[in-house]
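Listed here are the chains, written in short residue letters.
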Amino acid sequence: MIHIIKQTAKRSLSTVVAPIILSCSFNVLAEENSQFQPELKGKQIFKHYGIDDDLPKLGISSLDMGEHLVEQIDRTIYLGDEERKSSVYLVKSTDQKGNIDLRIKHERSQLDDHVDAIEEIEKSTRTQYRLRNWAQSYDPASVRATELDNGDVNVSFNYSKYGLPQDIAYFRFMSVEVLISDGKPQTMQISNTTPFKLDGYSIEEYRQVITFQQLESGKLIMIEKSVEMNGKKRKKPVRIVESIVPIALYDEEGVNIIDEARLTEASDPRLIEERVEVNRTFPLMGDMVARQGIDLPLPFGISMAYRNQDMNIPTNDFVIGGIRLNDFFDPTDTFANVNAEVLTLRGDVNILPFWNMFGYVGKINVDANVDAGYTGAAGEKIQEMLNNKAPGLGDEFCDALTAICQPGRLNVPLNLKYDLVGIGTTLSVGYKEFFASVTGTYSTTRMEGSSSWGDGLITVQPMLGYQLVDYRAQFFVGAEYQGLKSRMQGRVITGDIEFDYDVGVELNEWAALVGVNKQFGKHYQMSLLYNKGETRDSMTLNFGYRF
């Protein structure tokens, strides 16, 4: 630590002694340096070296440079022995209400015939638009500064692994170096630390270089962005080279024409013009949340789920065909072992960033075995009735049919099939690796062959979770509530036999829940849940696609 000491012409005892004291206490001051000048960290390093906090956004989106922008995009894809070239102009304008209009202008001859370049550039542009104001684009804890011998400074950092959405999730594998010379950023180099997937390509090497320039107004702008990617696509080697060059910038401070010749060419009315649809309706307020650095999944989803649930159900009352049979079958010594297989197809939409609504249809196959404790009361009544009519006749009947006259067990197998429909909703919140959610559903069933739907069933799943950000995997624990009624009622139709049943049951409505969810890219995900309770346990496997 360097201290600058100002002295006056008038000497005193303190000015004579001070050097001695400083010399003796130099080591102590050095050890306590952090108490006087704390080490610069994160955003403090950016501020100290004159780096705008929004500078890392330019690595993600060049559309952050101004409200009105004209730029040229050149792209060449080398796939095996093929070479595909494209060149377009991108025009961005903003009205007084802040609405963005993006247009691609091009000559047909400047587009490769073997690839839909406009579709690819439009997809990339739409992504850049959504990310133009991305808030937590870099990780402040990763910022480091190295002062070079020639006076330049090299500032390095990594992109945030928390705030990046699925569209640019690969940026969490990037490391960045910004070269500062004469107090101004000169270049920003971005490279990958591990391979990643991008739009069907397996990228092994990624390198992006941004060159900066200061305008006469003092504004620092990106004068060129070049990207080079090397990897494979379907086992073929691929190399992608892209160049983005700003031509003109317009904002409240005025007009900055960087390349007048290209601007004249971009203004040619003979160019083909195509508008880029940039806004999504759902989720509502999605852009506002995205600007806070919160990851948002794609708004729509379809999924298929398989659930296998086993239940061991104690009973306390029997009514078959309107007749109470508790005297003949002991409810306290009777159990129903039920296995239910459920297959559902679900569609969902994120209405708000934290609110999802869904509906589903499915089939249920129930295999049940009623293990009833027979009291023998029916045989006793028959024995008594026959003995009253002819003494000894009832005894002979029971000797011949001991199973009816003596207590025992009776197994009744059932196979029932149902149609299922339902709706549900999920509310969720999260902070960095942690999240919490609660899901509620309402469903109803109809036995196959019947025209009437049964009473509805409510389920609730509160959960707490932790995500492994780098692997796009989430682990969660919680509970599941099934609002099963204390009576199981319905109608059994087997061949020519038809009867109603009304059985009183004792169920525990809550069960513990654990699970894991894994995302594959930005579209696919798979989850596995396991429930365990006093009277039931189940396993659910879900596979979904988001778009």
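Residues numbered from 1 in each chain as written. Predicted model: local features only at pLDDT ≥ 70, side-chain atom pairs only at ≥ 80, totals over all residues. Heavy atoms only, no water.

A.B. asks: Residue-level account of the overall build of the protein chain, with values.
C.D. replies: Each helix and strand counted, the protein chain has 10 helices and 26 strands in total. Residue pairs at least 24 apart in sequence account for 59% of intrachain contacts in the protein chain once pairs closer than 6 positions are excluded. (Helix = DSSP H or I, 4+ residues; strand = E, 2+ residues; numbered from the N terminus. Contact = heavy atoms within 4.5 Å.)

A.B. asks: How would you sum up the pattern of salt bridges? Please name residues and give values.
C.D. replies: According to the stated counting rule, one finds 16 salt bridges in the structure shown. The partner of Arg84 in a salt bridge is Glu82, and the shortest N-O contact between them spans 2.7 Å. Taking the relative accessible area as the measure of exposure, Glu82 reaches 36% and is therefore partly exposed. A salt bridge links Glu480 to Arg536, with the shortest nitrogen-to-oxygen separation between them at 3.4 Å. On the criterion of sequence distance, the pair formed by Glu480 in strand E21 (residues 473-482) and Arg536 in strand E26 (residues 536-546) is long-range, its members being 56 residues apart. Look at Glu480 and you get buried, because its relative accessible area is 2%. (Salt bridge = Lys/Arg side-chain N within 4 Å of Asp/Glu carboxyl O. Buried < 20%, exposed > 50% of the residue type's maximum accessible area, 1.4 Å probe, protein only.)

A.B. asks: Please set out the packing of aromatic side chains residue by residue, giving values where relevant.
C.D. replies: Tallied over the entire structure, the rule returns 14 aromatic pairs. Taking the centre distance of 5.6 Å and the plane angle of 65° together, the rings of Phe46 and Phe157 count as edge-to-face. Taken together, the positions of Phe46 in helix H3 (residues 43-48) and Phe157 in strand E5 (residues 153-158) put the pair 111 residues apart, joining distant regions of the chain. You'll find Phe46 and Phe157 in the same group, each marked buried. Grouped by ring-pair contacts, the aromatic residues Phe46, Tyr138, Phe157, Tyr159, Phe171, Phe196 and Tyr206 constitute a single cluster. (Phe/Tyr/Trp six-rings, centres within 6.5 Å; stacked < 30°, edge-to-face > 60°.)

A.B. asks: Got a sec to walk through the pairing of strand E14 (residues 300-320)? Specific residues and values, please.
C.D. replies: In regular strands, side chains alternate between the two faces of the sheet. Where E14 meets strand E16 (residues 329-352), 15 bridges bridge the pair, whose relative direction is antiparallel. The residue of E16 that forms the bridge with Asn308 is Glu341. Note: E14 against E26, 11 bridges, orientation antiparallel. Counterpart to Met311 in the pairing with E26 is Arg536. Once E14 ends, the chain turns through two residues before running back antiparallel as strand E15 (residues 323-324), passing Gly321 with a positive phi of about 60°. (Pairing = 2+ DSSP bridges.)

A.B. asks: So what about the environment of Val460? Which residues, and what values?
C.D. replies: Mapping Val460 onto the fold places it in strand E20 (residues 457-468). The exposure class of Val460 is partly exposed, given its relative accessible area of 25%. Sequence separation between Val460 and Val438 is 22 residues; the distance between their C-alpha atoms is 7.1 Å. Discounting chain neighbours no more than four positions away, the residues touching Val460 are Val438, Thr439, Gly440, Ala479, Glu480 and Tyr481.

A.B. asks: Lay out the nonpolar core with the relevant residues and their values.
C.D. replies: Of all hydrophobic cores here, the largest spans 52 residues; its most connected members are Val155, Val178, Met188 and Tyr206. Excluding residues that lie within four positions of it along the chain, Val178 makes contacts with Ile51, Leu55, Val153, Asn154, Val155, Phe157, Pro185, Thr187 and Met188. Residues Phe329, Val342, Phe358 and Ile364 belong to the second largest nonpolar core, which totals 24 residues. (Core = buried A, V, L, I, M, F, W, Y, C linked by side-chain atoms within 4.5 Å.)

A.B. asks: Provide a residue-level description of unusual backbone geometry, including the pertinent values.
C.D. replies: A positive phi angle, near 55°, is found at Asp182, a position not held by glycine. For Arg234, which is not glycine, the phi dihedral falls at a positive 50°. In this structure, Arg234 sits in the loop between strand E10 (220-233) and strand E11 (236-251).

A.B. asks: Account for the side chain of Asn339, with residues named and values stated.
C.D. replies: Examined against the element boundaries, Asn339 turns out to sit in strand E16. Within polar-contact distance, the side chain of Asn339 engages the side chain of Asn308 at 2.9 Å. (Polar contact = N/O pair within 3.5 Å; in protein donor to acceptor, adjacent residues only side chain to side chain.)

A.B. asks: Explain the confidence of the model for the protein chain residue by residue, including any values.
C.D. replies: Here the protein chain shows a mean pLDDT of 80. Residues at 70 or above account for 81%. Within the protein chain, the lowest mean pLDDT, 41, falls on helix H1 (residues 13-31), and the highest, 96, falls on strand E25 (residues 524-532). Contacts of residues 1-37 to residues separated by more than four positions or lying in other chains number eight contacts, the stretch itself having pLDDT below 50. (pLDDT = per-residue confidence, 0-100.)

A.B. asks: Any details on the environment of Ala266? Residues and values, ideally.
C.D. replies: Here Ala266 shows up in helix H6 (residues 260-266). Residues Ala266 and Val70, spaced 196 residues apart in sequence, show a C-alpha to C-alpha distance of 8.2 Å.

A.B. asks: Give me the lowdown on a nonpolar patch on the surface, citing residues and values where you can.
C.D. replies: A surface patch of nonpolar side chains, about 990 Å² in accessible area, is lined by Leu464, Val477, Val514, Phe520, Tyr524, Met526, Leu528, Tyr530, Met539, Leu541 and Phe543. Breaking the nonpolar patch down by element, the ones donating at least two residues are strand E24 (510-520), E25 and E26. Per-element tally for the nonpolar patch: the top contributor is E25, with four residues. Relative to the helices and strands, Tyr524 is located in strand E25. When its relative accessible area of 41% is taken as the criterion, Tyr524 is described as partly exposed. (Patch = residues over 30% accessible without salt bridge, like charges linked within 9 Å, V, L, I, M, F, W, Y side chains within 5 Å. Areas by Shrake-Rupley, 256 points an atom, 1.4 Å probe, with all protein chains shown as cover.)

A.B. asks: Got a sec to walk through the pairing of strand E6 (residues 174-181)? Specific residues and values, please.
C.D. replies: Here E5 runs beside E6; their pairing, made up of six bridges, is antiparallel. Opposite Phe157, over in E6, you have Val176 as the bridge partner. Pairing of E6 with strand E7 (residues 184-192) involves eight bridges; the strand directions are antiparallel. Pairing of Val176 across the sheet is with Ile190, part of E7. Between the end of E6 and the start of E7, which pair antiparallel, lie two residues, with Asp182 showing a positive phi angle near 55°.

A.B. asks: Give me the side chain of His106: which residues, what numbers.
C.D. replies: Of note, His106 is situated in strand E3 (residues 100-106). A residue is classified by how much of its surface remains accessible, and His106, at 1% relative accessible area, is buried. Of the polar contacts made by the side chain of His106, one reaches the side chain of Glu274; its length is 3.1 Å.

A.B. asks: Tell me what's going on with the environment of Gln72, and back it up with residues and numbers.
C.D. replies: On the secondary structure map, Gln72 appears in strand E1 (residues 68-79). Accessibility expressed as a relative area gives 10% for Gln72, which makes it buried. Spatially, the C-alpha atom of Gln72 lies 7.0 Å from that of Ile247, the residues being 175 residues apart in sequence. Gln72 has contacts with Ser87, Val88, Tyr89, Ser243, Ile244, Val245, Ile247 and Arg262, leaving out every residue within four places of it along the chain. A distance of 3.2 Å separates polar atoms of two side chains, one belonging to Gln72 and the other to Ser87.

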